[in-house]
Amino acid sequence: MSTRIHTLHVNLAATARDRSYPIVIGQGLLADSALFTDFIGDRPVVLVSNETVAPLYADRVRMALGEARQVSEVILPDGEAFKNLETLNHIFTAALTDRHERRSVFIALGGGVVGDMTGFAAACYMRGADFLQLPTTLLAQVDSSVGGKTGVNHSAGKNMIGAFHQPLGVFIDVDTLHSLPEREFAAGVAEVIKYGCIYDTAFFHWLIEARTKLLARDQAVIAEAIERSCAIKAEVVAQDEREGGLRAILNFGHTFGHAIEHVQGYGAWLHGEAVAAGMVIAARISANRGWILPNEVATLEDFLTSFKLPVSAPSNMDAEVFLAAMSSDKKVSHGTIRYVLLSELGKASIVDDISQDEITIAVRG
Ligand SMILES: NC(=O)c1ccc[n+]([C@@H]2O[C@H](COP(=O)([O-])OP(=O)(O)OC[C@H]3O[C@@H](n4cnc5c(N)ncnc54)[C@H](O)[C@@H]3O)[C@@H](O)[C@H]2O)c1
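Residues numbered from 1 in each chain as written. Predicted model: local features only at pLDDT ≥ 70, side-chain atom pairs only at ≥ 80, totals over all residues. Heavy atoms only, no water.

1. Notes on the packing of helix H6 (residues 182-199) against helix H10 (residues 271-288)
Here comes step 1: Where H6 contacts H10, the axes come no closer than 8 Å and their chain directions differ by 40°. What the angle tells us is that H6 and H10 run oblique. Considering the relative orientation of H6 and H10, their crossing is left-handed. For the pair H6 and H10, the contacting residues are Arg-183, Ala-187, Ala-190, Glu-191, Ile-193 and Lys-194 in the first and His-271, Gly-272, Glu-273, Val-275, Ala-276 and Met-279 in the second.
Here comes step 2: The residue inventory of the contact of H6 with H10, partitioned by class, reads six nonpolar, two polar and four charged. (Axes fitted to C-alpha atoms, helices over the stretch in contact; angles between N-to-C directions. Helix = DSSP H or I, 4+ residues; strand = E, 2+ residues; numbered from the N terminus. Parallel < 35°, antiparallel > 145°, perpendicular 65-115°, else oblique. Left-handed = near helix turned anticlockwise from the far one by under 90°. Contact = heavy atoms within 4.5 Å. Nonpolar A, V, L, I, M, F, W, Y, C, P; charged D, E, K, R; others polar.)

Structure (structure tokens):
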């Protein structure tokens, strides 16, 4: 039995109405045959997952898709290290071998790595096939499955090869979080509080109040946190699908965070962990400029710490190391590093005039 708790809509610009889509949040959605039929009728499916998630959840999706339909399953190796063109080619080979046409629907069952790769495979397959997102990590549920950014890594950099390709729909089954390791859950929480910091003070305070329930993985509280996060992401993406301006505020904590991931070596810190430390650095700079209050930074740090998330930069990184790493980030525009600060709690501001001294002071804490 499935329960649909919330349905939101990502309403893209008027010219892109046909690419607007719903986000359904609930319990038991992966086993909900009617939901799949509503979205894709009897169309053939290329179901993509990985070796960790497939044994947990692929059966119920396969059953929900029904026996009458053609379903090809592609199981990828697990990990960011496999988010590359070579692994992507396995998806194409499987789809072509099974003679899928453009009307087939690609379905991503997994975290952000599977979602980004499946979306990109769909964007390229026969010049563009449809896809559905079934995100199974908190991070993918509140962030990567919504917004249409898809892609793979290249040895020259993370997410360097990709496309904007919006899914037909996103089904967020909160039951999948039961099996998610604590560290991965916490990494998703970092992205959740980010939305409060940049866009919604009431949501920030709600999360602070809800901390104990979140730590206990209370399903109703998690579903609400996901819904509010997706609503904010959907609102931002609706206004700026291709990151011409506003969408960049979603990178709060990410400029410093990407530098941490880059210097420590991908995989040493989870993305959400690097974002947590990055948000604290950006929040400290904002406070040192007098834009937010020191106790607001302290509240953020305290919240992150209760999820065992890092709140300071690794000891091998000073301002110089940060600046060198950030200069090679793909978000650098015309050689200028763009940072997201908080002009007040709940409101982000994009700046490019942060001095090395400001970074030094914030990194030292
Ligand atoms: N497209 C976007 O807008 C966007 C935004 C943010 C991040 N990303 C990308 O997302 C990726 C990170 O996503 P992620 O944090 O979900 O990592 P991930 O996909 O690597 O998943 C983390 C780990 O959890 C496992 N897992 C997934 N669901 C599980 C479950 N329910 N139970 C048990 N284990 C489970 C995975 O197999 C993996 O080992 C990065 O590649 C990043 O670049 C994309």
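2. Comments concerning the pairing of strand S6 (residues 130-135)
Here comes step 1: Counting buried positions along S6 yields five of six residues, so the element is predominantly enclosed.
Here comes step 2: Both strand S5 (residues 105-110) and S6 contribute to a ladder of six bridges, which runs parallel. Paired with Phe-106 across the strands is Phe-131, a residue of S6.
Here comes step 3: Following the backbone out of S5, through helix H4 (residues 112-124) and into the adjacent parallel S6, one traces a crossover that is right-handed.
Here comes step 4: When S6 meets strand S9 (residues 169-173), the two strands line up parallel, connected through two bridges. Within S9, the position partnered with Gln-133 by the bridge is Val-170. (Buried < 20%, exposed > 50% of the residue type's maximum accessible area, 1.4 Å probe, protein only. Pairing = 2+ DSSP bridges. Right-handed = clockwise from strand over helix to strand, strands pointing away.)

3. Looking at unusual backbone geometry
Here comes step 1: The backbone of Asn-159 shows a phi angle near 55°, a positive value even though the residue is not glycine.
Here comes step 2: With respect to the helices and strands, Asn-159 occurs in strand S8 (residues 157-164).
Here comes step 3: Phi is positive for Lys-308, close to 60°, though the residue is something other than glycine.
Here comes step 4: Position of Lys-308 relative to the elements: it lies in the loop between helix H11 (294-306) and helix H12 (319-327).

4. Concerning the site of the ligand
Here comes step 1: By nearness alone, 26 residues border the ligand, and Asp-78, Glu-80, Thr-136, Thr-137 and Ser-179 come closest of all.
Here comes step 2: Taking Glu-80, its side chain carries an N or O atom lying 2.6 Å from an oxygen atom of the ligand.
Here comes step 3: Contact distances for the ligand include 3.2 Å between an oxygen atom and a side-chain N or O atom of Asn-159.
Here comes step 4: Residue assignment for the shell around the ligand shows that the elements contributing at least two residues are helix H2 (54-65), H4, helix H5 (138-144) and S8.
Here comes step 5: Of the residues in the shell around the ligand, the class split is seven nonpolar, 10 polar and nine charged. (Near = heavy atom within 4 Å. Polar contact = N/O pair within 3.5 Å; in protein donor to acceptor, adjacent residues only side chain to side chain.)

5. Considering H10
Here comes step 1: For H10, built from 18 residues, the straight-helix expectation of 26 Å at 1.5 Å per residue is met to within 8% by its first-to-last C-alpha distance of 26 Å.
Here comes step 2: Counting buried residues in H10 gives 16 out of 18 residues, a clear majority hidden from the surface.
Here comes step 3: Once H10 ends, the next one or two residues include Gly-290, with phi positive near 85°. (Expected span 1.5 Å × (residues − 1).)

6. Thoughts on H6
Here comes step 1: The end-to-end C-alpha distance of H6, which contains 18 residues, comes to 26 Å, matching closely the 26 Å that a straight helix rising 1.5 Å per residue would cover.
Here comes step 2: Buried residues dominate H6, accounting for 14 of its 18 residues.

7. Observations concerning the nonpolar core
Here comes step 1: Ranked by internal contacts, the top residues of the largest apolar core, which has 82 residues, are Ile-193, Ile-226, Leu-304 and Phe-322.
Here comes step 2: It is H10 that contributes the most residues to this core, 11 residues altogether.
Here comes step 3: Contacts of Leu-304, omitting those with residues within four sequence positions, involve Ala-190, Ile-193, Ala-276, Met-279, Val-280, Leu-309 and Val-311.
Here comes step 4: Residues Leu-29, Phe-36, Val-45 and Ile-107 belong to the second largest nonpolar core, which totals 21 residues. (Core = buried A, V, L, I, M, F, W, Y, C linked by side-chain atoms within 4.5 Å.)

8. Thoughts on the domain arrangement of the protein chain
Here comes step 1: Each domain of the protein chain was delimited in the assignment, giving domain 1 (3-179) and domain 2 (182-364).
Here comes step 2: For domain 1 versus domain 2, the distance between C-alpha centres works out to 26 Å.
Here comes step 3: The interface is formed by 31 residues belonging to domain 1 together with 32 residues belonging to domain 2.
Here comes step 4: Ranking the residues of domain 1 by area buried against domain 2 places Leu-138, Val-142 and Phe-164 at the top, with a combined share of 23%.
Here comes step 5: Along the contact surface separating domain 1 from domain 2 lie one salt bridge. (Domains from an automatic or database assignment. Buried area = accessible area lost by both parts, 1.4 Å probe. Salt bridge = Lys/Arg side-chain N within 4 Å of Asp/Glu carboxyl O.)

9. Some details on the packing of H10 against H11
Here comes step 1: Close contact between H10 and H11 brings their axes to 9 Å; oriented N to C, the two are set at 170°. On the basis of the axis angle, H10 is roughly antiparallel to H11. Along its contact with H10, which presents Ala-276, Met-279, Val-280, Ala-283, Arg-284 and Ala-287, the element H11 presents Pro-294, Val-297, Leu-300, Glu-301 and Leu-304.
Here comes step 2: Of the residues contributing to the contact of H10 with H11, the split by class is nine nonpolar, no polar and two charged.

10. A closer look at the sheet that holds strand S3 (residues 45-50)
Two strands in a sheet stick together by hydrogen bonds in their backbones, pointing the same way (parallel) or opposite ways (antiparallel).
Here comes step 1: In spatial order, the strands read S1-S2-S9-S6-S5-S3-S4; together these seven strands make up an open sheet with mixed pairing. This sheet does not close on itself; its edge strands, each paired only once, are strand S1 (3-10) and strand S4 (71-76). The average undirected angle you get between the axes of adjacent strands in this sheet is 20°.
Here comes step 2: The strands touched by H4 are S3, S4, S5 and S6; relative to S5, the strand with the most contacts, the crossing angle is about 170°.

11. Considering the environment of Gly-41
Here comes step 1: Of note, Gly-41 is situated in the loop between helix H1 (33-40) and S3.
Here comes step 2: Filtering out sequence-adjacent residues up to four positions away, Gly-41 remains in contact with Phe-36 and Arg-69.

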